[in-house]
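Tertiary structure, described
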Amino acid sequence: LEIKAVRGMHDLLGDEAAKWQYVEARIRSILETFGYSEIRTPVLESAEVFTQAVGDNTDIVEKQMYTVQDRSHPESGKSETLVLRPEATSSVVRAVLEHQLHRAPHPQRLYYVLPMFRYERPQKGRLRQFHQIGAELIQDPSPEADAEMIVLLDTIFRTFGLKDFEIRINSVGSEACRPQYKEALKAYLHPHLEALCEQCKKRYERAPMRILDCKVESCKVIAEKAPRMVDHLDAESKAHFEGVKSRLREARVAFVEDTSIVRGLDYYSRTAFEFTSSLLGAQSALGGGGRYDELASRFGAPAFPAVGWALGFERLIMALQAKDLLSGGVKKPDFYFAPLGEKAFEALYALSIQMKRQGVSVEFSYERDKKLKWLMKQADRSGARFTLLLGEDELAAGSAALKNMSTGEQEKLSLADIEAELKRRACHEA
Ligand code: AMP
């Protein structure tokens, strides 16, 4: 076949889609319990949303954005460069500012479930279209807000029974103390410049902290002995970091301090964190986030405090599957209807429509004149809890046979009150 999905972008089918729905529904319900409400932003944004917020010399902006040239304006002849959203925090902040949500009298809790697009080299756990669920807590500067965010993400993973992850946290300081730290870091790195990878040589001037996060072995060795941001925090950032940690200890959420967590985006300040899992292989991050009190000012707007995270949906599914924690995800019909003969087909067709309209799931094949053996094979395949069998003789006698597919037991139901009988047995999920 010549026509295929774009490399690094996948179709989601059948049972896989059912598992996604199950995972997504549970996560939405937790988010809503924590008081978060959904925000959906457009797939396309002006390029400035990301170049300004994420930062010019980050991987996302330099190498990974899918850009679209909009049609030119009929009068000015100018056309705008648009970007397929590579991450959503920048879009959310754009929307918050546009709708003045940050001026509301209370902090705003927002969440999103959205596809992201990044031009990366596809590999296990790394796609070009992937999906994130994210949460943002706007207009709250307290360490309690950061702790809530981390507890929330921990709760989400644990609700599925997932325990194989580590929480790594760090503080990347604020505008008040980061410039001095960067100077100290550059002074340390200077004699090692030649030994750094090509990418890190470029990072040295404009983004030296990102060298600490480099995965190249020779850079890692140098980074190990580098001065640490946590030792250069000013009093306020230090108190904030201590506050976050003590709230996590109170909530009995285990974490490790990891000074290499700097995150690949420019907008973070103070708390930065990542949830990693050895179940994932090389791309080990399940999710991550941090505080971004300085992001709004990157749009030229007055700054407001905020903290957020995003989890990688595909990676969460991978981790859950590795631990066999997704068996509950696939929905099966309550009933398989098996008609033997034309009259039974007519009766069960009408009944199947009535039942579905009343919220009872029924699988019914529109293929006619099928033998019992074929019907029972289909019933097995469907995974239905019960099979309703109707033949010509039973129809004449006003009854049908209901087979419990797990026990094999069979009972006789009167057709007179069949709807009520089936409804009573249907599994109504809350
Ligand atoms: P980031 O916005 O880069 O911090 O990513 C947040 C989370 O999204 C990561 O922890 C991953 O779980 C997931 N993620 C990031 N990039 C990709 C990708 N290219 N493919 C799949 N998942 C990704």
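Residues numbered from 1 in each chain as written. Predicted model: local features only at pLDDT ≥ 70, side-chain atom pairs only at ≥ 80, totals over all residues. Heavy atoms only, no water.

Considerations on the pairing of strand β6 (residues 129-138)
- Across the ten residues that make up β6, a large majority, eight, are buried.
- The pairing of strand β5 (residues 108-117) with β6 spans ten bridges and is antiparallel. If you follow Arg109 over to β6, its bridge partner there is Leu137.
- As paired elements, β6 and strand β11 (residues 306-312) share seven bridges and run antiparallel to each other. Bridging across to β11, Ala135 finds its partner in Trp309. (Buried < 20%, exposed > 50% of the residue type's maximum accessible area, 1.4 Å probe, protein only. Helix = DSSP H or I, 4+ residues; strand = E, 2+ residues; numbered from the N terminus. Pairing = 2+ DSSP bridges.)

Here's the deal with the pattern of salt bridges
- For the structure on display, the rule yields 34 salt bridges.
- The shortest N-O distance in the salt bridge between Asp59 and Lys63 comes to 3.6 Å. Of this pair, Asp59 and Lys63 both sit in helix α3 (residues 59-64), separated by four residues, roughly a single helical turn.
- The exposure class of Lys63 is partly exposed, given its relative accessible area of 45%.
- Residues Lys186 and Glu205 are paired through a salt bridge, measuring 3.2 Å at the closest nitrogen-oxygen approach. Highlighted residues: Lys186 in helix α6 (residues 178-189) and Glu205 in helix α7 (residues 198-206), separated in sequence by 19 residues.
- Residue classification places Glu205 among the exposed residues on the basis of a relative accessible area of 54%.
- Look at the salt bridges and you will find they share partners, linking Glu24, Arg28, Glu38 and Arg40 into a network. (Salt bridge = Lys/Arg side-chain N within 4 Å of Asp/Glu carboxyl O.)

Here's the deal with the sheet that holds strand β4 (residues 81-84)
- Across the sheet, which stays open at both edges, the three strands sit in the order β2-β4-β3 with antiparallel pairing between neighbours. One side of each edge strand has no neighbouring strand; the edge strands of this open sheet are β2 (44-46) and β3 (66-69). The average angle at which neighbouring strand axes cross in this sheet is 40 degrees, direction not considered.
- Bridge count between β2 and β4: three bridges; the pairing is antiparallel. Bridged to Ser46 within β4 is Leu82. (Axes fitted to C-alpha atoms, helices over the stretch in contact; angles between N-to-C directions.)

Describing the packing of aromatic side chains
- Inspection of the entire model under this criterion finds 15 aromatic pairs.
- A ring pair is formed by Phe157 and Phe165, whose centres lie 5.4 Å apart and whose planes are at 65 degrees; its orientation type is edge-to-face.
- Given the relative accessible area of 10%, Phe165 is considered buried.
- Residues Phe364 and Tyr366 carry aromatic rings whose centres are separated by 5.8 Å and whose planes lie at 65 degrees to one another, so their mutual orientation is edge-to-face.
- For Phe364, a relative accessible area of 8% translates into the label buried.
- Grouping aromatic residues by their ring pairs yields a cluster made of Phe157, Phe165, Phe273 and Phe275. (Phe/Tyr/Trp six-rings, centres within 6.5 Å; stacked < 30°, edge-to-face > 60°.)

Concerning α7
- Cys200, Arg203 and Tyr204 are the residues of α7 that are buried. One face of α7 carries all of its buried residues, which in axial projection span an arc of 120 degrees. Exposed positions of α7 whose direction lies more than 90 degrees from the buried face are Glu198, Lys202, Glu205 and Arg206.
- Considering only its buried residues, α7 is in contact with α3, α6 and α8 (217-224). (Arc of directions from axis to C-beta. Contact = heavy atoms within 4.5 Å.)

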